[in-house]
Amino acid sequence: MLLLLEAGLGGVGAHAQVLRRPVPDKLVVLTFDDAALSHATYVAPLLRQYGFGATFFVCEFREPAFADKTKYMSWAQIRQLHRQGFEVGSHTLTHRHVNRLTQEQLGAELDSIEGRCHSNRIPRPVTFAYPGYDTAPVATTLLPARGYHLARAGGSRPYDPVTDNPLLIPSFSTSGPDTAKVLPALRQAQNGRIVVLTVHGVPDVAHDWVSTPPALFELYLRYLHDHHYTVVALRDLARYVNLPEAIRTIPPRYENLK
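Caption draft 1: Fine view of the overall build of the protein. Regarding its fold elements, the protein presents eight helices and eight strands. Along the longest, intermediate and shortest principal axes, the C-alpha atoms of the protein span 65 × 45 × 30 Å. Classification of the 258 residues of the protein by burial places 53% in the buried group. Taking the intrachain contacts of the protein between residues at least 6 apart in sequence as the baseline, contacts between residues at least 24 apart amount to 73%. Measuring between centres, the 26 positive side-chain charges of the protein sit 5 Å from its 23 negative side-chain charges.

Here is the structure:
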């Protein structure tokens with residue numbers, strides 16, 4: 001009994017160290033991947049209407065080529081997202097999966113996005129999204145050394161700040177026409193859990209298999225607004241989570257994040 005009590009008290013203490021404040025119900029993070037043109041032309045104006053925060057994870061695809069501005073944002077448009085109050089995060093330069101990279105190669109990918117942000121007067125990224133949702137120890141080792149405290153993967157489950165390392169944050173995808181997977185996901189933002197959504201283009205003309213239909217995207221935003229959700233960027237989770245402590249004390253779990 002004494003051992004159980006001590007274990008329980010240890011758990012409470014650990015929770016108190018990881019959390020800066022209680023996580024409210026209906027807390028949702030919006031993230032957008034791949035620098036799709038529709039992020040600037042369609043998504044950002046809608047988010048501003050609702051007063052929602054968001055993180056845009058940018059990269060420069062090689063295929064279709066990032067130079068095709070009918071498919072991807074320009075860096076001037078990415079800079080405008082920052083000026084509008086949104087967060088710009090790193091998705092590697094060329095959308096390379098981190099489980100196929102050495103530490104030096106991943107560092108070069110991070111350097112390239114950071115350099116482009118610097119040239120465009122965008123703050124150095126502090127959040128990261130795993131291309132293809134592929135995670136690896138090379139990233140969870142290098143990212144905090146480079147000043148990144150939050151990194152998003154997949155997994156189709158909510159983020160629990162007490163048990164999930166913040167360098168391996170799970171998320172739900174909105175890709176496709178199925179509202180039956182998105183709306184139930186949003187309802188899981190309760191009891192200390194945070195729902196993070198991964199959105200690609202709205203629509204995504206470069207990679208149509210991950211496209212979110214605009215009508216459904218508007219439905220999701222209306223749902224969040226009408227049901228009084230708090231919608232923030234990934235960086236804003238630092239208000240609730242002691243990120244350095246969580247990175248240090250919560251063991252990384254790489255499984256079930258695709």
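Caption draft 2: Representation of the pattern of salt bridges. Scanning the entire structure with this criterion turns up 11 salt bridges. Of the charged contacts, one joins Arg 116 and Glu 60 as a salt bridge, the two residues approaching to 2.7 Å between their closest N and O atoms. A residue pair is termed long-range when its members are at least 10 positions apart, and Arg 116 in helix H4 (residues 103-119) and Glu 60 in the loop between strand S2 (55-58) and helix H3 (75-83) qualify at 56 residues. Looking at Glu 60, the relative accessible area reads 10%, which means it is buried. In this structure, Arg 239 engages Asp 236 in a salt bridge whose closest nitrogen and oxygen atoms are separated by 3.4 Å.

Caption draft 3: Structural detail: the environment of Val 98. Note on placement: Val 98 falls in the loop between strand S3 (87-90) and H4. Look at Val 98 and you get buried, because its relative accessible area is 0%. Separated by 11 residues in the primary sequence, Val 98 and Glu 109 have C-alpha atoms spaced 9.8 Å apart. Those residues in contact with Val 98, other than ones at most four positions away along the chain, are Leu 106, Phe 128, Tyr 130, Asp 134, Thr 135, Ala 136, Val 138 and Ala 139.

Caption draft 4: Looking closely at the packing of aromatic side chains. Summed over all chains, the structure comprises nine aromatic pairs. With centroids separated by 5.3 Å and ring planes inclined at 15 degrees, the aromatic side chains of Tyr 50 and Phe 52 adopt a geometry described as stacked. Seen in terms of ring centroids, Phe 66 and Tyr 72 are 5.8 Å apart; in terms of plane orientation they differ by 35 degrees. Their pairing is tilted. Taken together, the ring pairs connect Phe 32, Tyr 42, Phe 56, Phe 86 and Phe 217 into an aromatic cluster. Arg 21 extends its terminal NZ or CZ atom over the ring of Tyr 240, reaching a point 5.7 Å from the ring centre.

Caption draft 5: Broad picture of H4. With 17 residues, H4 should cover 24 Å at 1.5 Å per step; its first-to-last C-alpha distance of 24 Å lies within 8% of that length. Among the residues of H4, those classed as buried are Leu 106, Gly 107, Glu 109, Leu 110, Ile 113, Glu 114 and Cys 117. Looking down the long axis of H4, one finds its buried residues gathered within 160 degrees of arc, a one-sided arrangement. Of the exposed residues in H4, those oriented more than 90 degrees away from the buried face are Glu 104, His 118 and Ser 119. Against the buried residues of H4 lie S2, H3, S3, strand S4 (127-129) and helix H5 (137-145).

Caption draft 6: Molecular detail of the packing of helix H2 (residues 37-50) against helix H7 (residues 214-226). One can describe the packing of H2 onto H7 by two numbers: an axis separation of 11 Å at closest approach and a directional angle of 20 degrees. Viewed along their axes, H2 and H7 adopt a mutual orientation that is roughly parallel. Considering only the axes of H2 and H7, their crossing is right-handed. Residues Tyr 42, Val 43, Leu 46, Leu 47 and Tyr 50 of H2 form the contact with H7, whose participating residues are Pro 214, Phe 217, Glu 218, Leu 221, Arg 222 and His 225. Of the residues in the contact of H2 with H7, the class split is eight nonpolar, one polar and two charged.

Criteria and cut-off values
Residues numbered from 1 in each chain as written. Predicted model: local features only at pLDDT ≥ 70, side-chain atom pairs only at ≥ 80, totals over all residues. Heavy atoms only, no water. Helix = DSSP H or I, 4+ residues; strand = E, 2+ residues; numbered from the N terminus. Buried < 20%, exposed > 50% of the residue type's maximum accessible area, 1.4 Å probe, protein only. Contact = heavy atoms within 4.5 Å. Lys, Arg positive; Asp, Glu negative; His and termini not counted. Charge placed at Lys NZ, Arg CZ, Asp CG, Glu CD. Salt bridge = Lys/Arg side-chain N within 4 Å of Asp/Glu carboxyl O. Phe/Tyr/Trp six-rings, centres within 6.5 Å; stacked < 30°, edge-to-face > 60°. Lys NZ or Arg CZ within 6 Å of the ring centre and 35° of its normal. Expected span 1.5 Å × (residues − 1). Arc of directions from axis to C-beta. Axes fitted to C-alpha atoms, helices over the stretch in contact; angles between N-to-C directions. Parallel < 35°, antiparallel > 145°, perpendicular 65-115°, else oblique. Left-handed = near helix turned anticlockwise from the far one by under 90°. Nonpolar A, V, L, I, M, F, W, Y, C, P; charged D, E, K, R; others polar.

Function cannot be inferred from these measures alone, as they are strictly geometric.
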